[in-house]
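Okay, here's what each chain looks like letter by letter:
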Amino acid sequence: MDPEISILYCSPSPQGLPQRRVHVQLSPLYQRRKLPPPLEERILLEWEERQRKQPWVFNGAKFRLHSVQPEEEKNKQTLNEEKSKEMDNRVSDILEEKRSKDNEVRLKEEVDHEARGGLTLHLALTSYRDFLGTNWSGEATALQERGGIEHGDTEAYLAQPLGVGAALQCRDGLFVLLRRSHKVGEAPGLLDVPGGHPEPKAVAPNIPEEELSLDVLQPELVIRELFSSILAEIRDEVNLPLSTLSDPLLLGIARNHTSAGRPSAEFYVRCSLSSEEVRERYLEGGPEAQESTDIIFIDREEMLNLEQSTMWRELCPSAKGCVKLYLLVREQQS
């Protein structure tokens, strides 16, 4: 395993988890612990100094991932009994209309998919300011050690904002990578997958950002934002219409150890456009075109062997986590 990344959770389903199989639990128990004086005050002072030098930065709210809880696998026999009548009817209808064995296989795979359970994310709120002052600070290792000693949790004092990324596959089977601009603050010039962060503000748009709290966030809307945010990132970074993108499937959650184990939810998304059509739209430029300088396509075979290729060293940690999860989930299909 590459030392820059690790896998926190991998989907037990070979297709990845759809939105309906992912849940969220919000609680103040999942908040970052405040550091004792004067360490907490230092985070604020450093942020104020950054704003003086870079007045365009702002302190946006983010979701903090505390932990994950996989659901226990359902008893497949019980599930089959529950669905047998429904499935028989659906298969009969489909076979009568299309005489297609593929549909019968798909329905059986759907039952198997549901039998593999789902996932609950334990979330709270954090901020960009706290990320810079903890995960992204020069004191991150010391904060991890302190959290382990004082609370039995190396992440207790870290912001741990949850990001999103996508293994985006075109109609002709090619996967999309983006060359990060040298003007971005993190991993400049390296290859990345489309991605970003889900935004708490999108869940409660009528509430000022500084007044956001767990009390005003509805869990079902948080999950909707998690899944829709990766589609919005693809739209803005690659300049693709949402209508060309499939529903995201959650591959798992990876950790980026170059930023103290910051977590990212990685998805698989299909695009109905060919790679050439995607390239043309990318070159036209989208709302976040300034974040990357080039688009690169790799075929499925290259994707499967990426860890052993020289290109692996060109990938930023977030892209490595996404690729690794895609490979792990794919192995279950073999």
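Just above, that's the structure.
Below is a short write-up of the structure.

Definitions and limits used
- Every chain is numbered on its own, with residues counted from 1 as its sequence reads.
- Thresholds applied to this predicted model are a pLDDT of at least 70 for local features of residues and 80 or more for the giving and counting of side-chain atom pairs; totals over whole chains, interfaces and linings are not thresholded and use all residues.
- Side-chain numbers come from the whole structure's heavy atoms, not from hydrogens or water.
- Put simply, DSSP H or I for four residues or longer makes a helix, DSSP E for two residues or longer makes a strand, and each gets a number counted from the N terminus.
- A 1.4 Å probe rolled over the protein chains alone gives each residue an accessible area, and that area as a share of the maximum for its type sets the label: buried under 20%, exposed over 50%, partly exposed in between.
- By the convention used here, residues are in contact when the closest approach between their heavy atoms is within 4.5 Å.
- Surface accessibility in these figures is a Shrake-Rupley result with a 1.4 Å probe; residues are shielded only by whichever protein chains are displayed.
- In a helix, the anticipated span is given by 1.5 Å times the number of residues less one.
- When DSSP finds at least two bridges between two strands, those strands are taken to pair.
- Inter-axis angles, ranging from 0 to 180 degrees, are taken between N-to-C directions of lines fitted to C-alpha atoms, where helices are fitted over the stretch in contact.
- Any two of the Phe, Tyr and Trp rings considered here, Trp counted by its six-membered ring, make a pair once their centres fall within 6.5 Å; the pair's planes then place it as stacked at under 30 degrees, edge-to-face at over 60, or tilted in between.
- Residues adjacent in sequence count toward polar contacts only when both atoms are side-chain atoms; beyond that, a polar contact is any pair of N or O atoms within 3.5 Å, and within protein one must be able to donate a hydrogen and the other to accept it.
- Counted as positive: Lys and Arg. Counted as negative: Asp and Glu, with His and the chain ends omitted from the count.
- Basic side-chain nitrogens of Lys or Arg form a salt bridge, by our definition, when they fall within 4 Å of a carboxyl oxygen of Asp or Glu.
- For this quantity, the arc is that covered by the directions from the helix axis to the C-beta atoms.
- Using protein atoms alone on a 1 Å grid, points that fit a 1.4 Å probe yet trap it form a cavity, whereas open point sets bounded by protein on both sides within 12 Å along at least five of seven lines form a pocket; residues with an atom within 4 Å of a point count as lining.
- Grid points are joined across faces, edges and corners, and a volume is the space filled by probe spheres set on the points.
- Residues were grouped as follows: Ala, Val, Leu, Ile, Met, Phe, Trp, Tyr, Cys and Pro as nonpolar; Asp, Glu, Lys and Arg as charged; and all remaining residues, including Gly, as polar.

Quick notes on the overall build of the chain
Part 1 of the reasoning: A tally of helices and strands in the chain yields 10 helices and 11 strands.
Part 2 of the reasoning: Of all 334 residues assigned to the chain, the portion counted as buried reaches 51%.
Part 3 of the reasoning: Considering only intrachain contacts with a sequence separation of at least 6, the fraction spanning at least 24 residues in the chain is 77%.
Part 4 of the reasoning: Here the chain has roughly 16,800 Å² of accessible surface; of this, 48% comes from carbon and sulfur atoms.

Focus on helix α7 (residues 219–238)
Part 1 of the reasoning: Across its 20 residues, α7 extends 29 Å between first and last C-alpha, which sits within 8% of the 28 Å expected from 1.5 Å per residue.
Part 2 of the reasoning: Looking one or two residues past α7, N239 carries a phi angle of roughly 70 degrees, positive in sign.

Some thoughts on the pairing of strand β4 (residues 119–127)
Part 1 of the reasoning: Within β4, 9 of the 9 residues are buried, which leaves it mostly tucked inside the rest of the structure.
Part 2 of the reasoning: Burial along β4 is two-sided: the residues L119, L121, L123, L125 and S127 and T120, H122, A124 and T126 are all buried.
Part 3 of the reasoning: The sheet contact formed by strand β2 (residues 22–26) and β4 spans 5 bridges and is parallel. Among the inter-strand pairings, Q25 is bridged to a residue of β4, identified as H122.
Part 4 of the reasoning: Looking at chain direction, strand β3 (residues 61–70) and β4 are connected through 9 bridges and run antiparallel. The partner of A61 across the bridge, within β4, is S127.

Observations concerning the sheet that holds β4
Part 1 of the reasoning: Pairing is mixed across the open sheet formed by 3 strands, whose spatial order is β2-β4-β3. Both outer strands of the open sheet, β2 and β3, are each paired with one neighbouring strand and no more. Averaged over all pairs of adjacent strands, the angle between strand axes in this sheet comes to 35 degrees, irrespective of strand direction.

Description of the packing of aromatic side chains
Part 1 of the reasoning: Evaluated as defined, the whole model comprises 6 aromatic pairs.
Part 2 of the reasoning: Geometrically, the ring pair formed by F227 and F267 is edge-to-face, given 5.1 Å between the ring centres and 70 degrees between the ring planes. Here F267 lies in strand β10 (residues 262–270) and F227 lies in helix α7, a separation of 40 residues in the sequence.
Part 3 of the reasoning: Since its relative accessible area comes to 0%, F267 is described here as buried.
Part 4 of the reasoning: An aromatic cluster of at least three residues, connected via ring pairs, comprises W47, Y128, F131 and W136.

Some thoughts on the side chain of D192
Part 1 of the reasoning: Mapped onto the secondary structure, D192 falls in strand β7 (residues 191–192).
Part 2 of the reasoning: A distance of 2.9 Å separates a polar atom in the side chain of D192 from a polar atom in the side chain of S318.
Part 3 of the reasoning: Those residues in contact with D192 that lie beyond four places of it in its chain are L177, L178, R180, C316, S318 and A319.

A short note on the side chain of R64
Part 1 of the reasoning: Positionally, R64 belongs in strand β3.
Part 2 of the reasoning: In this structure, R64 is buried with no salt-bridge partner, the nearest side chain bearing the opposite charge being D153 at 5.3 Å.
Part 3 of the reasoning: A distance of 2.7 Å separates a polar side-chain atom of R64 from the backbone oxygen of Y30.

Description of helix α5 (residues 140–151)
Part 1 of the reasoning: The first and last C-alpha atoms of α5 sit 16 Å apart over 12 residues, in line with the 16 Å expected at 1.5 Å per residue.
Part 2 of the reasoning: Where α5 is concerned, the buried positions are A140, L143 and G147. Angularly, the buried residues of α5 cover 55 degrees about the axis, an arc narrow enough to put them on a single face. Turned more than 90 degrees away from the buried face of α5, the exposed residues are E145 and I149.
Part 3 of the reasoning: One or two steps after α5, the chain reaches G152, where phi turns positive at roughly 65 degrees.

Quick word on empty space enclosed by the protein
Where empty space is left can be seen by rolling a probe of water-molecule size over the atoms.
Part 1 of the reasoning: According to the stated counting rule, one finds 2 cavities of 30 Å³ or more in the structure shown.
Part 2 of the reasoning: A volume near 30 Å³ is recorded for the second largest cavity.
Part 3 of the reasoning: Residue assignment for the lining of the second largest cavity shows that the elements contributing at least two residues are β4 and α7.
Part 4 of the reasoning: Considering only residue class, the lining of the second largest cavity consists of 8 nonpolar, no polar and no charged.

A few points about the pairing of β10
Part 1 of the reasoning: Within β10, 8 of the 9 residues are buried, which leaves the element mostly enclosed by the surrounding structure.
Part 2 of the reasoning: Counting the residues that bridge the hairpin from strand β9 (residues 249–256) to β10 gives 5 residues, and of these A260 lies at a positive phi of roughly 60 degrees.

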